[in-house]
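# Understanding the architecture of this molecule
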Amino acid sequence: MIRNPVLQRELRERMSGSRAMWILTGYLGLLVGIFYFVYHAQAGAQTGLDIVIAPTEVAQIGRGIFEWVLFFMLLLVLFLVPGLTSGAIAGERERQTLIPMQVTLLTPRSIVVGKVMASLAFLFLLIVAALPLFSLSYLIGGIDLIQVIEGLGIVVITGIVYACITVGCSAVVKRVQTATVLSYGVVLLTVMGTFLLYTAAGLVDGTPTLSATSSSAHPPAVILIANPLALTAAVIARDPDQPDTGARSISPFAPIRRVVEPLRRDGTGGGSGSGSGTTTGTAVGPAVGPAVGGGSGGLIGGDVPVPAVATTIVVAVDGSAPVPFSATSDGSTLGARGGAANAGPGTTVGTAPGATSGSGGGSSSGLAPTFDPFIRASLVLMIGLALASVWLASIRLRIPAEVER
Amino acid sequence: MTSTSLPEIELLDPIADPGPGGDRGRDDGPPLAVETTALVKRYGSVHAVRELDLAVPRGEVFGLIGPNGAGKTTTFSILASLLIPTSGRAVVAGVDVRDDPRDVRAKVGYMPDILGVYDNLQVDEYLRFFAASYRIRRAEQPALIDGLLELVDLTGKRTAMVNSLSRGMKQRLSLARSLVHDPEVLILDEPASGLDPRARVDLRELLHELQAMGKTLLVSSHILSELEEMCTQIGIMEAGRLLVAGAPDEILERFHGTRRVRVRFADGTAEEHAVADDAEQQALLRRLVVDGSRDVVEFAEIGGGLEELFLRITEGTVT
């Protein structure tokens, strides 16, 4: 797969210009600036840099820096990936280089996969370049190594998913401009749109939402499962002995965490077993396994790295405390449907409101449920979207019919 | 990247290939390199190709001539498996384009009329990409690329950036790209368009060389004089139909009819004579010279050859 000709050519082309360097520099500059700013806001303002700080406060500082850097890293990835990838196939079309490529023995799939991987190669460069910042916040304390890995894992997954979606957009439309608008549209819709919808739903319900500290009645969290920020919040907020800290360390994920919190509490406490969040758990949870496995088999073949990478990361995130769930009946329909995987979780969630939490009951022993329903649903949806995009792009390239007359 | 200099050309040469074929190229396969029967391609309500019957024997250089919009590019795209015909059959190198487009791609080299070129890529990297795309093993690539660069006379430009090449060089690079997998049939869409006379002569020599290697070439153009000297077979196409096809001499023979000769005299006067064939033309010349009353300065056939024929055919004056 590394031998993919498209990938190799892309790497040669991309890395030989100065553009890559400038993007990397700007990106690192921004993250360092954020690091510095957050550190000062949290530590320097009150105590001064040279004064000994209490360990709990240090932990808060480290935690705060970690969350802010992660937050901006996600935003940057969401901002950069569509911009860097939208020309992937539409650009070849515009430069009239797609036909010479299609007339070779390259399969549509390897063209698409090469493009996605080329985009990811740059993404991994960005992530690796930011690792020192994470190690610094790790050194300061307040976070576990597991959390750092999980956080980065989410960034990687988000990058992969949006790279796939953007390549899909790029393959479907004719012009780079349209592809760029389309893929930024997807980002805006999933990041901002879902929040707005969630808030609007809250207003309609008449219940306080993002600004409220805690409330039993929420709009259905399903709205947010397509949101990578919500997913990140859900993943990094799973540390049970991390109380919601005061004003001194306002986390960028705090509002989202409040939304996701009740779902988790339902799982751990086992108090109210019939919340809307728990419902998503039973309906969607079992689908994770087959959706990934079936998808990679049916859509783009077993040798494709995209689902492989995704699966590994899912396992890595899961691995800290695996939750027993059976990958059987519900999921198989989702996996079998392949291309429509994205529609799977949504409909399942919608049509099974009465079900009670299976996994919640299983893990109510006090151990942290590291893989709660929301995360699972979100991961399924995102990976489903990514696979569907790659599949769509391959279909689009299969019938050339590009010849302009 | 040290060049291993010796027998690169032989990689392209089917004679060096110990496969079937033996003495002069590949005689074992079907006699026709390209065959279409009642080929139709419609884009919505537009008929790009109507009932096209084309037969190109192996080893020929076939020139497809027609005005813009005649359906040449569409026909070539179908033959290169890039377009699915609306109806009819197209068989290239013994393979139906509809049955097995992949096999067609393995046997056909296609050069589109527009040269798309990558930024930030060297000539050798460009060719290596296409070699890899045609599943040519990594170990064989350097020798292959050396051979191709030598064939198209770009050896000195090996590490030049692709987008810095002149148009003629890009054209030759594009040709090298379409030869990467040693195809039996080469389909070149408007290869000479936009080339200066020198580059055109180079291209012609290159095509002769490829023909000598036993390849079948299909070349299109809307300028007939480009093809007249390099093609062994010519087809004239208009509005999706093939009007005439055959060897250039044959076509001329068939449509000769009215040949005109223009004679200019030393006193500034000129006159035109209609002649039927070479014998009559010769007789006319002898008569004028023997007569001697007026000194002949110029004696030339007007609009001779295919150029005029082409204009007349595409005007619809010949059917």
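As a reminder, the structure under discussion sits directly above these lines.
As the structure is a computational prediction, the values presented were derived from the model and not from experiment. (Residues numbered from 1 in each chain as written. Chains lettered and ligands numbered in written order. Predicted model: local features only at pLDDT ≥ 70, side-chain atom pairs only at ≥ 80, totals over all residues. Heavy atoms only, no water.)

The subject of this paragraph is the overall build of chain A. When helices and strands are tallied, chain A shows 17 helices and zero strands. For chain A, buried positions account for 55% of its 405 residues. Pairs at least 24 apart in sequence give 84% of the contacts found in chain A among residues at least 6 apart. Of the roughly 16,300 Å² of accessible surface on chain A, a fraction of 68% belongs to carbon and sulfur atoms. (Helix = DSSP H or I, 4+ residues; strand = E, 2+ residues; numbered from the N terminus. Buried < 20%, exposed > 50% of the residue type's maximum accessible area, 1.4 Å probe, protein only. Contact = heavy atoms within 4.5 Å. Areas by Shrake-Rupley, 256 points an atom, 1.4 Å probe, with all protein chains shown as cover.)

What follows is about the overall build of chain B. Helix and strand counts for chain B stand at 11 helices and 13 strands. Counting only residues that meet the buried cut, chain B has 49% of its 319 residues in that class. Sequence-distant contacts, at least 24 apart, represent 67% of the contacts inside chain B between residues at least 6 apart. Surface exposure of chain B reaches about 14,300 Å², of which carbon and sulfur atoms provide 49%.

Within the secondary structure, Leu-165 of chain B is located in the loop between helix H5 (141–151) and helix H6 (167–178). Not counting the four nearest positions on each side in its chain, Leu-165 of chain B is found in contact with Val-123, Lys-157, Ala-160, Lys-170 and Leu-173 of chain B.

This part covers the pattern of salt bridges. Here the structure, examined in full by the defined rule, presents 21 salt bridges over all chains. Lys-115 of chain A is paired through a salt bridge with Glu-10 of chain A; the nearest N and O atoms lie 2.4 Å apart. In this pair, Lys-115 of chain A is assigned in helix H6 (residues 108–140) and Glu-10 of chain A in helix H1 (residues 5–16), connecting sequence segments 105 residues apart. The residues Lys-115 of chain A and Glu-10 of chain A share a single accessibility class, namely buried. The salt bridge partner of Lys-107 of chain B is Asp-103 of chain B, with a shortest N-O separation of 3.6 Å. Placement of both Lys-107 of chain B and Asp-103 of chain B in helix H3 (residues 101–107) is noted, with a separation of four residues, approximately one turn of the helix. (Salt bridge = Lys/Arg side-chain N within 4 Å of Asp/Glu carboxyl O.)

Backbone-to-backbone hydrogen bonds pair the strands of a sheet. The strands run either parallel or antiparallel. All names here are of chain B. Strand order in the open sheet formed by three strands is S12-S11-S13, and the pairing between neighbours is antiparallel. The open sheet has two free edges, formed respectively by strand S12 (270–275) and strand S13 (296–301), since each of these has just one partner strand. When strand polarity is set aside, the average angle formed by the axes of neighbouring strands in this sheet is 20 degrees. Pairing analysis gives six bridges linking strand S11 (residues 259–265) to S12, with the strands arranged antiparallel. When the sheet's bridge partners are listed, Arg-259 is paired in S12 with Val-275. (Pairing = 2+ DSSP bridges. Axes fitted to C-alpha atoms, helices over the stretch in contact; angles between N-to-C directions.)

Residue and element names in this part refer to chain A. A contiguous nonpolar patch, built from Val-172, Trp-391, Leu-392 and Ile-395 and spanning about 310 Å² of accessible area, is present on the exposed surface. A per-element tally of the nonpolar patch places helix H17 (residues 373–398) first, with three residues. Inspection of the secondary structure assignment puts Leu-392 in helix H17. Accessibility expressed as a relative area gives 41% for Leu-392, which makes it partly exposed. (Patch = residues over 30% accessible without salt bridge, like charges linked within 9 Å, V, L, I, M, F, W, Y side chains within 5 Å.)

Right, let's get into helix H7 (residues 197–212) of chain B. Residues and elements named next belong to chain B. The terminal C-alpha atoms of H7 lie 23 Å apart, and with 16 residues this matches the ideal 22 Å at 1.5 Å per residue to within 8%. Among all positions in H7, only Ala-199, Leu-203, Leu-206, Leu-207 and Leu-210 are buried. Each buried residue of H7 lies within a common arc of 100 degrees when the element is viewed along its axis, so the set occupies one face. Turned more than 90 degrees away from the buried face of H7 sit Pro-197 and Arg-198, all of them exposed. The positive-phi residue at the C-terminal boundary of H7 is Gly-214, with phi of around 95 degrees. (Expected span 1.5 Å × (residues − 1). Arc of directions from axis to C-beta.)

Here the focus is the interface of chain B and chain A. Across the contact, 32 residues belong to chain B and 27 residues belong to chain A. Here chain B meets chain A over a buried area of about 2,800 Å², counting both sides, of which 64% is carbon and sulfur. A per-residue breakdown of the area chain B buries against chain A is headed by Leu-82, Tyr-118 and Phe-129 of chain B, which together make up 21% of the total. Summed over the shared surface of chain B and chain A, the result is one salt bridge. Residue Glu-125 of chain B is joined to Arg-12 of chain A by a salt bridge in which the shortest nitrogen-to-oxygen separation is 3.4 Å. Summed over the shared surface of chain B and chain A, the result is nine residue pairs in polar contact (both at pLDDT 80 or more). When contributions to the side of chain B that touches chain A are tallied by element, the ones reaching two or more residues are helix H2 (72–79), H3 and helix H4 (123–133) of chain B. Per element, the largest residue contribution to the side of chain B that touches chain A is six residues, and it comes from H4 of chain B. Residue classes in the side of chain B that touches chain A are distributed as 17 nonpolar, seven polar and eight charged. (Buried area = accessible area lost by both parts, 1.4 Å probe. Polar contact = N/O pair within 3.5 Å; in protein donor to acceptor, adjacent residues only side chain to side chain. Nonpolar A, V, L, I, M, F, W, Y, C, P; charged D, E, K, R; others polar.)

Our next topic: the packing of aromatic side chains. All names here are of chain B. All told, the structure shown has nine aromatic pairs over all chains when counted by the stated rule. Above the face of the Tyr-43 ring, Lys-41 is positioned so that its terminal group lies 5.6 Å from the ring centre. Sitting above the plane of the Phe-130 ring, Arg-177 keeps its charged end 5.3 Å from the centroid. (Phe/Tyr/Trp six-rings, centres within 6.5 Å; stacked < 30°, edge-to-face > 60°. Lys NZ or Arg CZ within 6 Å of the ring centre and 35° of its normal.)

Residue and element names in this part refer to chain B. Overall, mixed pairing links the six strands, which are arranged S6-S7-S8-S3-S9-S10 in an open sheet. Looking at which strands have only one partner, the edges of the open sheet turn out to be strand S6 (108–111) and strand S10 (241–246). Across the sheet, the mean angle separating the axes of adjacent strands is 15 degrees when strand polarity is ignored. Relative to S10, strand S9 (residues 233–238) runs antiparallel, the two being bridged by five bridges. Bridge pairing links Ile-234 to Gly-246 in S10. H2 contacts strand S3 (61–65), S6, strand S7 (185–188), strand S8 (216–221) and S9 of the sheet and is inclined by roughly 155 degrees relative to S8. Together, S3, S7 and S8 form the strand contacts of H7, whose direction differs from that of S8 by roughly 150 degrees.

In this section: the environment of Lys-174 of chain A. In this fold, Lys-174 of chain A is placed in the loop between helix H7 (145–172) and helix H8 (176–205). In this structure the C-alpha to C-alpha distance between Lys-174 of chain A and Ala-90 of chain A, which are 84 residues apart in sequence, comes to 5.5 Å.

In this fold, Glu-92 of chain A is placed in helix H4 (residues 90–94). Within the structure, Glu-92 of chain A has its side chain in polar contact with the side chain of Arg-9 of chain A (distance 2.6 Å). In this structure the side chain of Glu-92 of chain A is engaged in a polar contact, spanning 2.8 Å, whose partner is the side chain of Thr-97 of chain A. In this structure, Glu-92 of chain A is in contact with Arg-9, Glu-10, Gly-87, Thr-97, Leu-98, Met-101 and Lys-115 of chain A together with Tyr-118 of chain B, ignoring residues within four places of it in sequence.

What follows is about the side chain of Thr-104 of chain A. Relative to the elements of secondary structure, Thr-104 of chain A occurs in the loop between helix H5 (98–102) and H6. For Thr-104 of chain A, a relative accessible area of 0% puts it in the buried group. Within the structure, the side chain of Thr-104 of chain A is placed 3.2 Å from the backbone nitrogen of Leu-106 of chain A, a separation counted as a polar contact. In this view, Thr-104 of chain A contacts Arg-105, Phe-130, Ser-133 and Tyr-134 of chain B; residues no more than four positions away in its chain are not counted.

Regular strands place side chains that alternate from one sheet face to the opposite one. Residues and elements named next belong to chain B. The side-chain alternation of S7 yields two buried faces, one formed by Val-185 and Ile-187 and the other by Leu-186 and Leu-188. Relative to S7, S6 is paired through four bridges, and the arrangement is parallel. Bridge assignment links Met-111 to a residue of S7, and that residue is Leu-188. Taken together, S7, H7 and S8 constitute a β-α-β crossover, and its handedness is right-handed. (Right-handed = clockwise from strand over helix to strand, strands pointing away.)

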